[in-house]
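# Architecture at a glance
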Amino acid sequence: MFERDETIFTDEDVLREDYQPAKLEERDEELESFKAYLQPVINGKQPRNIFLYGKTGVGKTAATRYLLDHLKTDAKQYEDLSITSIYCNCEDLTSSYQVAVELVNRLRSPEDRISTTGYPLNEVYAKLYDEIEAVGGTVLIILDEVDQIGTNDSILYQLPRARANGYLDQAKIGIIGISNDFKFRDSLDPRVEDTLCEREIHFSPYDATDLQAILTRRAELAFHPDVLNSEVIPLCAAFAAQDRGSARQALDLLFESGDLARRNNTERVAEDDVREARRQLEKRQIEQSLVDLTTHGHLTLFAVAFRAKMDKTPARKDAIYTQYQSIADHLEHDPLSDRSVHAHLNELTMLGILDRLEFNEGRAGGIYYKYRLSVDLDTVQSALAEVPTLEGANI
DNA sequence: TATCCACTGGAATATGTGGTCG
DNA sequence: CGACCACATATTCCAGTGGATA
């Protein structure tokens, strides 16, 4: 029934997110500064706090992993050095409290985990300091996607000051904050900005040439020789550079193209595979963001999709709200206030599922928005069909 | 060029859920 | 159990917005 299929790839894992290349290229300047900022750690001094920013997929996380690995290896030659790093992705952690809990749990054994609610904030910090103190030495805390914790940033000034405030004695803490939101830095409390952003490194997006170089190197390891048509890599690079300049995106695209060729049993990967792969990735991304919406988020989108079906988009909030009410009614959900639906429309716009057009009709009209689907109606329909709460409702 | 509409969007407040602890 | 705690999601309230028009 099963058999190995090795016509296209030699090792597809090379294209996956968790693959760590032996060398990190196209990021020389960034690595240079980063390395310099980590130097105090090797010297056994108080670590600097470092703040990395740049868009997603430009090598921030990879660079951090890469340097920390080297740092730990190189530290072994000095007996008086003990370096611990804790990596924490704040993606799903929306407050300082949750980050603190996560850090405590990282440091504790699995049977000793604490729950994510219930304790006073100070108590969680106290537990965290205890754990860090127990580890001792230099503790580097990496907070990835740190902008996700939003305005609730108390942990960002608690941690850097823990030692100064006498909570820590044995341990030296260094924070490495990673963010893809440039505005985040400006929104920080000035006290936090001073300490957290002591040293900053900016990662610029990759351009098409960088991406081509990266893809070419990976492709040599991942694919059999000569299975890629000559236009495949430049096209993947161009698509990704146009969009966000993300290496992650370019690699995903390359993998997906290869995978398509494999499934089609063709011997080579061609331009059409890349274009089709791009469509599929886009679709998958939308389906993914739909999964995370609340019931009323779904209903709101449903209402817009319904109007789109009848060719009545773009539509104003009022019209969408009326539509939403009748749908909610039909499905026996209590409708929300129009302000809340307005909030949902906003969120859908942020996710790139809806487009928002601005209007201003002046003296007697005022300003308002009109919304419409920003993606294929078909995609939305098939994604919504997967949502259990909408069972029985057809557009 | 001052006005004025109909909305936007921030903020304060409320509600319900899931948790700890004595 | 009851007092507390944090949080997601809604609700309510209202100051601000900005450009076509009088």
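Presented here is a report on the structure given in the accompanying data block.

The rules we used
Residues numbered from 1 in each chain as written. Chains lettered and ligands numbered in written order. Predicted model: local features only at pLDDT ≥ 70, side-chain atom pairs only at ≥ 80, totals over all residues. Heavy atoms only, no water. Axes fitted to C-alpha atoms, helices over the stretch in contact; angles between N-to-C directions. Helix = DSSP H or I, 4+ residues; strand = E, 2+ residues; numbered from the N terminus. Parallel < 35°, antiparallel > 145°, perpendicular 65-115°, else oblique. Left-handed = near helix turned anticlockwise from the far one by under 90°. Contact = heavy atoms within 4.5 Å. Nonpolar A, V, L, I, M, F, W, Y, C, P; charged D, E, K, R; others polar. Patch = residues over 30% accessible without salt bridge, like charges linked within 9 Å, V, L, I, M, F, W, Y side chains within 5 Å. Areas by Shrake-Rupley, 256 points an atom, 1.4 Å probe, with all protein chains shown as cover. Salt bridge = Lys/Arg side-chain N within 4 Å of Asp/Glu carboxyl O. Lys, Arg positive; Asp, Glu negative; His and termini not counted. Charge placed at Lys NZ, Arg CZ, Asp CG, Glu CD. Buried < 20%, exposed > 50% of the residue type's maximum accessible area, 1.4 Å probe, protein only. Near = heavy atom within 4 Å. Polar contact = N/O pair within 3.5 Å; in protein donor to acceptor, adjacent residues only side chain to side chain.

### Here we look at the packing of helix α12 (residues 295-309) against helix α15 (residues 377-385)
- Between α12 and α15, the least distance of the axes is 11 Å, while the angle of their chain directions is 140°. As judged from the angle between their axes, α12 and α15 are oblique. Crossing geometry of α12 relative to α15 is assigned as left-handed. For the pair α12 and α15, contact is made by His298, Leu301, Phe302, Ala305, Ala308 and Lys309 and by Leu377, Val380, Gln381 and Leu384, respectively.
- Class assignment for the residues of the contact of α12 with α15 results in seven nonpolar, two polar and one charged.

### Things to note about a negative patch on the surface
- On the surface, a cluster of negative charge is contributed by Asp11, Asp13, Glu17 and Asp18.
- On the basis of relative accessible area, Glu17 is assigned to the exposed category, the value being 59%.

### Observations regarding the protein's contact with DNA strand C
- Around DNA strand C sit 22 residues in total, of which Thr94, Ser95, Leu121, Ser337 and Ser340 are the nearest.
- Backbone atoms, meaning sugar and phosphate, form 71% of the atoms of DNA strand C found within 4 Å of the protein.
- Residue Ser340 places a side-chain N or O atom 3.0 Å away from a phosphate oxygen belonging to DNA strand C.
- Interatomic distance of 3.3 Å between a side-chain N/O atom of His344 and a phosphate oxygen of DNA strand C.
- Elements with a minimum of two residues in the surface near DNA strand C: α3 (96-107) and α14 (338-350).

### Thoughts on the protein's contact with DNA strand B
- Taken together, 19 residues are adjacent to DNA strand B, and Tyr119, Arg316, Arg339, Arg363 and Gly365 come closest.
- Across the atoms of DNA strand B situated within 4 Å of the protein, the share located in sugar and phosphate is 72%.
- Interatomic distance of 3.1 Å between a side-chain N/O atom of Lys317 and a phosphate oxygen of DNA strand B.
- Of all the secondary-structure elements, those providing two or more residues to the surface near DNA strand B are α13 (317-330), α14 and β8 (367-373).
- Its residues assigned to classes, the surface near DNA strand B shows five nonpolar, eight polar and six charged.

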